[in-house]
Amino acid sequence: MIGTIVRRLLSMLPVMGVVAVCVFLLLHLAPGDPAAIIAGENVSPENIARIRAQLGLDQPVWRQFLVWVGSLLTGDLGQSMFWGDSVTSLIGQRAEPTISLAFTTVMVAVFLAIGLGVLAAACAGTLVDRLVMGFAVMGFSVPVFVVGYLLIFVFAINLKWLPVQGYTPISEGVAPWLRNLVLPSIALGMAYVALIARITRTTMLDVLAEDYMRTAKAKGVAMRPMLFRHALKNAAVPIATVVGNGVALLIGGVVITETVFNIPGVGRLVVDAIARRDYPIIQGVIMVFSGVYVLVNLLVDLSYTFLDPRIRD
Amino acid sequence: MRAGAEPILSVEDLHTHFFTQDGVTRAVDGVSFTVAAGETLGIVGESGCGKSVTALSIMRLLPPGLGRSVGGSVRFGGRDLLTLDEAEMRRIRGDRIAMVFQEPMTSLNPVLTVGEQIAEAVMIHQGKSRHDAWARAEEMLTLVRIPDAARRVGDYPHQFSGGMRQRVMIAMALSCHPQLLIADEPTTALDVTIQAQILKLMLELKGRIGAAILMITHDLGVVAETCQRVIVMYAGRKVEEASVLDLFDRPLHPYTRGLMASIPRRRPGAPRTRRLQEIPGMVPSLREPLSGCPFAPRCPLATARCTAEAPPLEQHGAGHVVACWEAGRIGVS
Ligand SMILES: Nc1ncnc2c1ncn2[C@@H]1O[C@H](COP(=O)(O)OP(=O)(O)O)[C@@H](O)[C@H]1O
Ligand SMILES: [Mg+2]
């Protein structure tokens, strides 16, 4: 087991290497000059050249890449061009809101989605099924910012049930922390719920048609244990896979959600950095997000062993 | 043999239809029979003649929205199972009537241990604690002669061979001491040597528990080895019923005679090659309502009357009924 985990962790390295190359090339080939942005308006070309030299932007691209990857390998994400602070500490300062948002969203979304998917499968072909699937199609096709502004408009501005925007650290109390997270979590989780609910329904329908479900019924098992004990366990592997893959949706969504709800998290950090062409921050955040994605999917792969005894042997 | 004993199951004029896009299939078309306490009744017939649907109708396990019993009654324990609500039916399934299916490879849940699957029935119906139910599961595995039961009880189905899985199915079915065990082709998927062992085991346990068995098979050999009485089904109907001895001595329906002529000679270990497909012609479609005898198109003795008018079931000797216009002629020959 330990051997497998180590082997899988090592297999992350080439993936992350490819990510590093792509991110770097994409940024450095895209238009925009951080030096010009830092220097401001009406500056002489000499000044810009000086700033470029300070930032190392005058070096050939391959050289810049090697320097960056070299420090990456020592765990150093570099310095922000704009703030001068280390990218690691900037991300660290912004981590709590993002982790909070991700945590509440995933927790609620996974349970809600699986519940909805099972319900739809159990009521296949009925109105309930069609309502759930209708919601799933909608949740998947309406963009995060539309849902976000709609939620703010209805629940914060009109009904005044919840705060409009912002973030309260958990150190100031769980209740205010949660109140600020409710709407962004819904906005962020919508597509994720839709995705997981769909796969849950499809997989459950396949499982429900299996011979062993008839055996369970012939034994006198009631509806609920039929669904959750006998069927859902068999549907677990495809569902876990989508829970893992769907994290990509969340990562994309977190950037938009933090902007809409004015949450000072890592997503906002990267949005601001993009506006300033602050390459090290953008690169650093993307590396961290990619790392999280790859790691989550690694965990999902490892979970198969626990979910399906046939994979165990 | 307990002829004349009070029947525990009495199926009366059962009609079960499938409603598909292409129309209505009359899978079971007016079948009646009884099962006495402790007896083994066989249902035999070619594939597609409605044996499994009969069993599923009794258990009310037809695919929902597709198959439905539209007529007749299934009396068991003084009640008509077809009129019970789902909760009442659940209390009977697995407790008073249990079922063993044809496919041991797919009939057990792959993600639950065999112990969990056996213990579940015991917990549901006998209200035993998890611990006691587990002990019972182990006991049942010993009873069906799974070696090293104490350890195997925690294994998953994929860790067992087909024959062993069928033993697990039998253990599960008998764990609550049902009055009736419905076995739908329990050995068809197994090879010949294992078949014999499983049948022997079923008969032995049936005696111990005092259950009756409804043995569904396409194999008259299985009937000969296990049953006291047998009904022969064709195209959703019962065409003949007799004691096993009587049926083998004096088969009256041409279809039954065809089945007997096509019993494959089997040696232990030989691969199962032939099924009962040797009667020339095809099983009729169950979509169109049949006029006349359903077997007439394939029958060597068919007359004009056979294609025009369906023969009723008639008594030909004690406990021997047959639906054939020419049965008198056959009986004499
Ligand atoms: N799920 C189903 N959908 C539609 N028709 C079915 C289904 N199951 C059985 N039938 C019909 O019922 C007939 C009898 O099937 P069955 O009882 O399974 O035969 P067997 O005697 O081989 O067990 C079949 O010929 C088929 O036409
Ligand atoms: Mg069958």
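Residues numbered from 1 in each chain as written. Chains lettered and ligands numbered in written order. Predicted model: local features only at pLDDT ≥ 70, side-chain atom pairs only at ≥ 80, totals over all residues. Heavy atoms only, no water.

To keep things clear, this is the line we draw: UniProt positions are given in the numbering used here, feature names are shortened, and annotations may be inferred rather than shown by experiment.
Under the annotation held in an unreviewed UniProt entry, chain B carries the name ABC transporter ATP-binding protein and is attributed to Limobrevibacterium gyesilva. What the UniProt record of chain B gives under Subcellular location (unreviewed entry) is the line "Cell inner membrane". Quoted straight from UniProt, the Sequence similarities (unreviewed entry) entry for chain B says "Belongs to the ABC transporter superfamily."

Named according to an unreviewed UniProt entry, chain A is ABC transporter permease originating from Limobrevibacterium gyesilva. In its Subcellular location (unreviewed entry) section, UniProt records this for chain A: "Cell membrane". Regarding chain A, the relevant UniProt record gives this comment under Sequence similarities (unreviewed entry): "Belongs to the binding-protein-dependent transport system permease family."

### So, the interface of chain A and chain B
Selection criterion: In this analysis, two residues are considered to be in contact whenever any of their non-hydrogen atoms come within 4.5 Å of each other. Accessible area, probed at 1.4 Å, shrinks when two parts are joined; the buried area is that loss added up over both. We define a salt bridge as a side-chain nitrogen of Lys or Arg found within 4 Å of a carboxyl oxygen belonging to Asp or Glu. In protein, a polar contact means a hydrogen-donor-capable atom and an acceptor-capable atom, both N or O and within 3.5 Å, with residues adjacent in sequence counting only if both atoms are side-chain atoms; elsewhere, any N or O pair within 3.5 Å suffices.
Counting residues at the interface gives 21 residues for chain A, matched by 30 residues for chain B. In this assembly, chain A packs against chain B so that about 2300 Å² is buried in total across both faces, 57% of it on carbon and sulfur atoms. In this assembly, chain A and chain B are joined by two salt bridges. Measuring nitrogen to oxygen at the nearest pair gives 3.0 Å for the salt bridge that ties B:Glu120 to A:Arg229. Where chain A touches chain B, the interface holds 12 residue pairs in polar contact (both at pLDDT 80 or more).

### Some points on the UniProt feature "domain: ABC transporter" (unreviewed entry) in chain B
Counted only if it meets this: Going along the chain from the N terminus, every DSSP run of H or I of four or more residues is numbered as a helix, and every run of E of two or more is numbered as a strand.
In the numbering adopted here, UniProt assigns the feature "domain: ABC transporter" (unreviewed entry) to residues 9-260 of chain B. Between the first and last C-alpha atoms of residues 9-260 of chain B the distance is 28 Å; the span itself is 39% helix and 28% strand.

### With respect to the side chain of B:Thr40
Residues and elements named next belong to chain B. Relative to the helices and strands, Thr40 is located in strand β3 (residues 40-44). Engagement of the side chain of Thr40 in a polar contact is seen with the side chain of Lys206, the distance being 3.0 Å. The residues touching Thr40, leaving out its near neighbours within four places in the chain, are Leu203, Lys206, Ile213, Met215, Thr226, Cys227, Gln228 and Arg229.

### Some remarks on a nonpolar patch on the surface
Residues and elements named next belong to chain A. Our working definition: Within the patch definition used here, like charges are joined within 9 Å and nonpolar side chains (Val, Leu, Ile, Met, Phe, Trp, Tyr) within 5 Å, considering only residues with over 30% relative accessible area and no salt bridge. Under the convention used here, a 1.4 Å probe and the Shrake-Rupley method define accessible areas, while residue burial counts only the protein chains that appear. Buried means the residue's accessible area, taken with a 1.4 Å probe over protein chains only, is under 20% of the maximum for its type, while exposed means over 50%, and partly exposed covers the values in between.
Judged by side-chain polarity, Met1, Ile2, Val6, Leu10, Leu13 and Phe306 come together as a nonpolar surface patch covering roughly 680 Å² of accessible area. Top contributing element to the nonpolar patch by residue count: helix α1 (residues 2-29), with four residues. Residue position: Leu13 is located in helix α1. When its relative accessible area of 56% is taken as the criterion, Leu13 is described as exposed.

### A few points about the packing of aromatic side chains
Centre-to-centre distance and the angle between the planes together describe a pair of aromatic rings. Residues and elements named next belong to chain A. Selection criterion: Aromatic rings from Phe, Tyr and Trp, taking only the six-membered ring of Trp, are treated as a pair when their centres fall within 6.5 Å; an angle between ring planes under 30 degrees marks them as stacked, one over 60 as edge-to-face, and anything in between as tilted. To sit over a ring, a charge needs its Lys NZ or Arg CZ within 6 Å of the ring centre and within 35 degrees of the ring normal.
For the structure shown, the criterion picks out eight aromatic pairs over all chains. Between Phe24 and Phe65 the ring centres are 5.0 Å apart and the planes differ by 70°, which places this aromatic pair in the edge-to-face class. Of this pair, Phe24 sits in helix α1 while Phe65 is found in helix α4 (residues 61-73), placing the two residues 41 residues apart along the sequence. Between Phe24 and Trp68, the ring centres sit 5.7 Å apart and the planes meet at 25°, which makes this aromatic pair stacked. Here Trp68 lies in helix α4 and Phe24 lies in helix α1, a separation of 44 residues in the sequence. With a relative accessible area of 3%, Phe24 lands in the buried category. With a relative accessible area of 7%, Trp68 lands in the buried category. Every member of this aromatic cluster is reached through a ring pair, and the members are Phe24, Phe65 and Trp68. The ring of Phe82 carries the charged tip of Arg276 above its face, separated from the ring centre by 4.3 Å.

### Comments concerning the domain arrangement of chain B
Residue and element names in this part refer to chain B. The cut-off we apply is this: Domain limits in this description derive from either an automatic procedure or a database domain assignment.
When cut into domains, chain B gives domain 1 (1-96 + 180-251) and domain 2 (97-175). Between domain 1 and domain 2, the C-alpha centre-to-centre distance is 23 Å. Counting from both sides, the interface comprises 33 residues of domain 1 and, opposite them, 19 residues of domain 2. Of the roughly 2300 Å² buried where domain 1 meets domain 2, counting both sides, 69% is carbon and sulfur surface.

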